[in-house]
Amino acid sequence: MSDTLNVDKLEREVKDVYQAVAETPDEEFHFEMGRPLAERLGYSPADLDRVPDAAVDSFAGVGYHYDLADLQPVDDVLDLGSGSGLDAFVAALRVGDGGSVTGLDMTEEQLANARRLRDEAELESVSFESGYIEDLPFEDQTFDVVVSNGVINLSAEKDRVFEEANRVLKPDGRLAISDIISETQMPDSIKTNADLWAACIGGAEQINEYTTMIETTGFDVVEVRENPQYDFISDQAQGACQKYGVKSVSLGARTR
């Protein structure tokens, strides 16, 4: 086992997983997907009824954080790792025609699906851009709110993700995310395994280090709550949950 993470292999693994999510959402993955998951996490049935069904079917988030985002009708919102587009579409319901929602994803198949669903639903305030969450293709102070669901744990440069999120947020901007963390630090044998990172296990940061990283990049963490209603479904992932306390949390923060 190498003592360093192969970042290129990680990117390939993650893209392969989420390409499969986009193209064959009925396949079995290590994580649950779809409407039953979304409702259990806290998405309202009324909201889910108003967004494209295919986006709901491909939903693979790990929590709910729109109460933490406190979206307003004039907000410009950025969704990091927008996937099938469900979170972007739900955000669009909140901000209406007076705001905007931009989804960012590195997987072309996910982008193609999300753009098609947006066009079919005629959601003109929503756009989807290709890019990486560690290097955002946007100007400083572009957005009022940054959201993300189950994606930041997949990055090998989480500090860079939070630095970039802070950069593109306006003064008093809001960060509202759901992500996978661990209670205890995991060994290098897990944290340097790209396969386990792609499975949302290896990249789980220890919770105190995670919140410290966010605050170091210029945020004040306002709230952190666990999401016990989220469960991994593979034996490998469940083992990590039991041994290292791998779990889902939702977090709200504001720029200083």
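Everything in this summary refers to the structure shown in the same document.

Calculation criteria
Residues numbered from 1 in each chain as written. Predicted model: local features only at pLDDT ≥ 70, side-chain atom pairs only at ≥ 80, totals over all residues. Heavy atoms only, no water. Buried < 20%, exposed > 50% of the residue type's maximum accessible area, 1.4 Å probe, protein only. Helix = DSSP H or I, 4+ residues; strand = E, 2+ residues; numbered from the N terminus. Pairing = 2+ DSSP bridges. Right-handed = clockwise from strand over helix to strand, strands pointing away. Phe/Tyr/Trp six-rings, centres within 6.5 Å; stacked < 30°, edge-to-face > 60°. Salt bridge = Lys/Arg side-chain N within 4 Å of Asp/Glu carboxyl O. Core = buried A, V, L, I, M, F, W, Y, C linked by side-chain atoms within 4.5 Å. Contact = heavy atoms within 4.5 Å.

Another point: the pairing of strand S2 (residues 100-105). Most of S2 is tucked away: five of the six residues are buried. Pairing of strand S1 (residues 76-80) with S2 involves five bridges; the strand directions are parallel. Residue pairing in the sheet places Leu80 in a bridge with Leu104 of S2. Handedness of the β-α-β unit built from S1, helix H6 (residues 86-95) and S2 comes out right-handed. Following the backbone out of S2, through helix H7 (residues 108-121) and into the adjacent parallel strand S3 (residues 126-130), one traces a crossover that is right-handed.

Our next topic: the packing of aromatic side chains. The geometry of an aromatic ring pair is captured by the separation of the ring centres together with the interplanar angle, meaning the angle of the planes. Within the structure shown, the criterion is met by eight aromatic pairs. Each ring, one from Tyr43 and one from Tyr66, has its centre 6.3 Å from the other, and the planes form 70 degrees; the classification is edge-to-face. You can see Tyr43 sitting in the loop between helix H2 (35-41) and helix H3 (45-49) and its partner Tyr66 sitting in helix H5 (residues 66-69), a full 23 residues away along the chain. Comparing Tyr43 with Tyr66, the two get one shared label, buried. Look at Phe138 and Phe143: their rings are 5.2 Å apart centre to centre, the planes differ by 90 degrees, and that puts the pair in the edge-to-face class. For the pair formed by Phe138 and Phe143, the shared burial category is buried.

We now examine the environment of Met33. Along the chain, Met33 turns up in the loop between helix H1 (7-23) and H2. Between the C-alpha atom of Met33 and that of Gly61, which follows or precedes it by 28 residues, the distance is 7.7 Å.

Throughout the structure, instances matching the rule amount to 19 salt bridges. Residues Asp75 and Arg174 are paired through a salt bridge, measuring 2.6 Å at the closest nitrogen-oxygen approach. Placement of the pair is Asp75 in the loop between H5 and S1 and Arg174 in strand S5 (residues 169-182), with a sequence separation of 99 residues. Arg174 shares its class with Asp75; the two are buried. In this structure, the salt-bridge partner of Arg160 is Glu164, at a minimum N-O distance of 3.6 Å. Of this pair, Arg160 and Glu164 both sit in helix H8 (residues 158-168), four residues apart, which is roughly one turn of that helix.

Among the nonpolar cores identified, the biggest contains 43 residues, and Tyr43, Tyr66, Leu71, Val77, Leu86, Val101 and Val246 are the most heavily contacted of them. Counting residues per element, this core draws most heavily on H6, which supplies seven residues. Apart from residues lying up to four places away in sequence, Tyr43 is in contact with Ala38, Leu48, Phe59, Gly63, Tyr64, Tyr66, Asp87, Val90 and Asn149. Core analysis: the next-biggest nonpolar cluster, separate from the first, contains 26 residues, Leu80, Ile133, Leu136 and Val146 among them.

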